[in-house]
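Take a look at the letters that make up each chain.
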Amino acid sequence: LASYTYALYSPNSKISVVADSSRRHMLNFSDPSSPWSHHHGNFYGMGTFNLGWSVDAEGAPVEAHGHVGDTYGYQSQTTYLPSYDFVLTVATNVETLSQAQPADFTCSAFAAVLAAQRGMPPPDCTFVVPVHFFGTCSCKYSAAVVERAAAA
């Protein structure tokens, strides 16, 4: 699934899954007629979710998109991060009413990968879900880590 997600969204993929014009439609999150627009604005393109809410890069907004899924006993999320050109895919065999665990893990895993790339320890992340699977990823880095990142 991660390889397919990369082929679907990355302009750097050697495999073309859809035409560039189709990809642009998939990533158009501005359709005001979307049933989710009044709740979460700019949330859904054509078969693609804006998943920026599920990751945190030291408090900065992160462009992230992909798809979430659930069926009886399973929940998942596959996320492409264009600025980093990589995919993070999470599949669980746990079903909860909030459907938060795939995004919760995506939040922590992305922050851990980002920290590792920078030679820093992973931050302490929390994922708060006020509404069905939508939430907010927030990661706290130690003061020494923040100072080190600012100096770089």
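From a predicted model like this one, the values you see are computed outputs, not experimental measurements.

Q: Tell me about the overall build of the protein chain, and please be specific about residues and values.
A: Per the secondary structure count, the protein chain includes 5 helices and 6 strands. Walking the protein chain from its N terminus toward its C terminus, one meets helices and strands in the order α-α-α-β-β-β-β-α-β-β-α. With 152 residues in all, the protein chain has 39% of them scored as buried. Within the protein chain, contacts between residues at least 6 apart in sequence are counted, and of these 39% link residues at least 24 apart. Accessible surface, the protein chain: about 8,500 Å² in total, of which carbon and sulfur atoms supply 58%.

Q: So what about the packing of aromatic side chains? Which residues, and what values?
A: All told, the structure shown has 6 aromatic pairs when counted by the stated rule. Note on Tyr9 and Tyr80: the rings are 6.3 Å apart at their centroids and 15 degrees apart in plane angle, and the pair reads as stacked. With Tyr9 in helix α1 (residues 2–9) and Tyr80 in strand β3 (residues 74–81), this pair connects stretches of sequence that are 71 residues apart. By relative accessible area, which is 4% here, Tyr9 ends up buried.

Q: Residues and numbers for the pattern of salt bridges, please.
A: Tallied over the entire structure, the rule returns 1 salt bridge. A salt bridge links Arg23 to Asp20; the nearest nitrogen and oxygen atoms lie 2.7 Å apart. With Arg23 and Asp20 both in helix α2 (residues 20–26), this residue pair falls 3 residues apart, about one helical turn.

Q: Account for helix α4 (residues 101–117), with residues named and values stated.
A: Taking 1.5 Å as the rise per residue, α4 with 17 residues should run 24 Å; its terminal C-alpha atoms sit 24 Å apart, in good agreement. Buried within α4 are the following residues: Gln101, Pro102, Ala103, Thr106, Cys107, Ala109, Phe110, Ala111, Leu114 and Ala115. Summarising the contacts, the buried residues of α4 are in contact with β3, β4 (86–92), β5 (124–128) and β6 (136–140). Positioned one or two residues after α4, Gly119 has a phi angle of 70 degrees, which is positive.

Q: Any chance you could break down the side chain of Gln101 for me, citing the residues and the numbers?
A: You can see Gln101 is positioned in helix α4. Residue class for Gln101 comes out buried when judged on its relative accessible area of 19%. Once residues lying within four places of it in the same chain are set aside, the contact partners of Gln101 are Gln75, Thr92, Val94, Glu95 and Thr96.

Q: Hey, could you go over the state of the cysteines for me, with residue numbers and the actual values?
A: In the structure shown here, the tally under the stated rule is 2 disulfides. Here Cys107 pairs with Cys137 through a disulfide, and the sulfurs are 2.1 Å apart. Classification of the bridge connecting Cys107 and Cys137 rests on its S-S torsion, roughly 75 degrees, and on that basis the disulfide is right-handed. Here the residue Cys107 occupies a position in helix α4, and Cys137 occupies one in strand β6, the gap between them amounting to 30 residues. Look at Cys107 and you get buried, because its relative accessible area is 0%.

Cut-off values and rules
- Residues numbered from 1 in each chain as written.
- Predicted model: local features only at pLDDT ≥ 70, side-chain atom pairs only at ≥ 80, totals over all residues.
- Heavy atoms only, no water.
- Helix = DSSP H or I, 4+ residues; strand = E, 2+ residues; numbered from the N terminus.
- Buried < 20%, exposed > 50% of the residue type's maximum accessible area, 1.4 Å probe, protein only.
- Contact = heavy atoms within 4.5 Å.
- Areas by Shrake-Rupley, 256 points an atom, 1.4 Å probe, with all protein chains shown as cover.
- Phe/Tyr/Trp six-rings, centres within 6.5 Å; stacked < 30°, edge-to-face > 60°.
- Salt bridge = Lys/Arg side-chain N within 4 Å of Asp/Glu carboxyl O.
- Expected span 1.5 Å × (residues − 1).
- Disulfide = S-S within 2.5 Å.

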